[in-house]
Every structure is written in structure tokens, then in C-alpha cells.
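Single-letter residue listing:
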Amino acid sequence: MDSISSKITFEYNFVVDNGIISNKDKRDVSTILAVEATLTIKINNELYFETELAILEFYKALYEWKNRVTDEHTPEFHYYTIEYDDYEDGAILSLIPFSNKARVKSIWAEQDLYNVFDLDYIVREFIQLEQNLKRDIENYFGIELKKFIKHIPLMKGPYSDDY
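Residues numbered from 1 in each chain as written. Predicted model: local features only at pLDDT ≥ 70, side-chain atom pairs only at ≥ 80, totals over all residues. Heavy atoms only, no water.

**Describing the sheet that holds strand β1 (residues 8-14)**
Across the sheet, which stays open at both edges, the three strands sit in the order β1-β2-β3 with antiparallel pairing between neighbours. Each edge of the open sheet carries a strand with a single partner, namely β1 and β3 (46-54). Each strand of the sheet is rotated relative to its neighbour by a mean of 15 degrees, with strand direction disregarded. Two strands pair when backbone bridges link them, and β1 and strand β2 (residues 36-43) are joined in this way by seven bridges, in the antiparallel orientation. Paired with E11 across the strands is T40, a residue of β2. Helix α2 (residues 55-66) rests against β1, β2 and β3 of the sheet, and its axis sits at about 110 degrees to β3. (Pairing = 2+ DSSP bridges. Helix = DSSP H or I, 4+ residues; strand = E, 2+ residues; numbered from the N terminus. Axes fitted to C-alpha atoms, helices over the stretch in contact; angles between N-to-C directions. Contact = heavy atoms within 4.5 Å.)

Rendered as C-alpha cells:
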């Protein structure tokens, strides 16, 4: 299988009531972390990753990464959570660019799948995930993420570089 044919899909489902949070909770870290969703990642239609996570925390990690991506440089993406502290084997979810390719890695992978992606493709998919999450979080919960973003905790792991 060549890397051009590798495809990734992201699905997420909110697992909490949409009334769990409102704009007045923008500084309430415990409420922010209670907003959970199941994130499912499939690679070439095979289940790679599926877990419940603090979706606002995950969103902020994507948002911060996206803001560091430039035409000349794609930084690594690493998602850690303050709810888990054993990162000896790596991050919960990572995007590791190399040359004009990239790999997706997870310490919680359901199975070891071949996943070398074209760098432009996988960056577009991760940026699209961030945009979709923003839209769907704001619509489902009736909140404005720009009011929350600086208050959402973000765990920096041992592999984070220049956040």
C-alpha cells in the first residue's frame, strides 16, 4: 500500500448533555474538563483509535497546533490530558511530520496500522477537524469558544516543543 492511498477519518460524539456548560462557565476548569466526547479515528476504514476525552482540552491542543502551522513548517502535534499522567510511551495522540509525509501515533491505539500520510493531506485533515469541532461544540453547547480558549487547561508533555 502506498502512502498516497492512506486515508483518515475522524468522528466524534458528545457524551454529555448540551446544558452542561454555558458561556458563564468560561473560567470553570472542572466544568470545562467535564465536557466529554468519544473520538474515533479510522485509518483506511480500520478502527485505529477510540476513546472518551475532554473535548475542549483536545480542541485547544488542535487550535494551538493549527496556529503554529505555516507554509514552511509543520510542527509535531501532541495531545496530552491533565486527567492522565503516564506518558512514558508517548502522547495520547500525535502527528509526526517527516519530509513530505507524516504518521499518526497513539499510546491508546486499538491496533497498529500502517499510516504514512502525505503531509499536505494529513495537515488539511487535522485543520478540518479543528474547524469542525469549533463549529459543532459552539452549536451543540451554545457557547463561544473564543471566550473559553485562554481558560481551557492545556497539558504540555515531554514531547511538546514550542507551544
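That covers the picture; the talk isn't over yet.
**Overview of the sheet that holds strand β6 (residues 101-105)**
To summarise the sheet geometry, strands pair through backbone hydrogen bonds and adopt either a parallel or an antiparallel arrangement. Taking strand neighbours across the sheet as the criterion, the four strands line up as β4-β5-β6-β7 in an open arrangement whose pairing is antiparallel. Sheet topology places β4 (77-79) and β7 (116-118) at the edges, where each strand pairs with a single neighbour. Pairwise comparison of adjacent strand axes, ignoring direction, gives a mean angle of 25 degrees for this sheet. Those strands touched by α2 are β4 and β5 (93-98), and its axis lies near 165 degrees from that of β4. Running over the sheet, helix α3 (residues 119-141) touches β4, β5, β6 and β7 and is turned about 90 degrees from β7.

**Considerations on the packing of α2 against α3**
At a minimum axis distance of 10 Å, the contact between α2 and α3 shows a crossing angle of 135 degrees. Considering their axes alone, α2 and α3 lie oblique with respect to each other. As α2 runs across α3, the sense of the crossing is left-handed. Residue-level contacts link I55, L56, F58, Y59, L62, Y63, W65 and K66 of α2 to V123, F126, I127, L129, E130, L133, K134 and I137 of α3. Of the residues that constitute the contact of α2 with α3, the class distribution is 13 nonpolar, no polar and three charged. (Parallel < 35°, antiparallel > 145°, perpendicular 65-115°, else oblique. Left-handed = near helix turned anticlockwise from the far one by under 90°. Nonpolar A, V, L, I, M, F, W, Y, C, P; charged D, E, K, R; others polar.)

**A short note on the packing of aromatic side chains**
Under the defined criterion, the tally for this structure stands at 12 aromatic pairs. A centroid spacing of 5.1 Å and a plane angle of 70 degrees characterise the contact between F14 and F141, whose relative ring orientation is edge-to-face. Highlighted residues: F14 in strand β1 and F141 in helix α3, separated in sequence by 127 residues. Each ring, one from W65 and one from F126, has its centre 5.9 Å from the other, and the planes form 65 degrees; the classification is edge-to-face. A residue pair is termed long-range when its members are at least 10 positions apart, and W65 in helix α2 and F126 in helix α3 qualify at 61 residues. Each of the two residues, W65 as well as F126, counts as buried. Directly above the ring of Y121 sits K7, whose terminal nitrogen or CZ lies 4.8 Å from the centroid. (Phe/Tyr/Trp six-rings, centres within 6.5 Å; stacked < 30°, edge-to-face > 60°. Buried < 20%, exposed > 50% of the residue type's maximum accessible area, 1.4 Å probe, protein only. Lys NZ or Arg CZ within 6 Å of the ring centre and 35° of its normal.)

Don't take any of this as a statement about function, it's just geometry.
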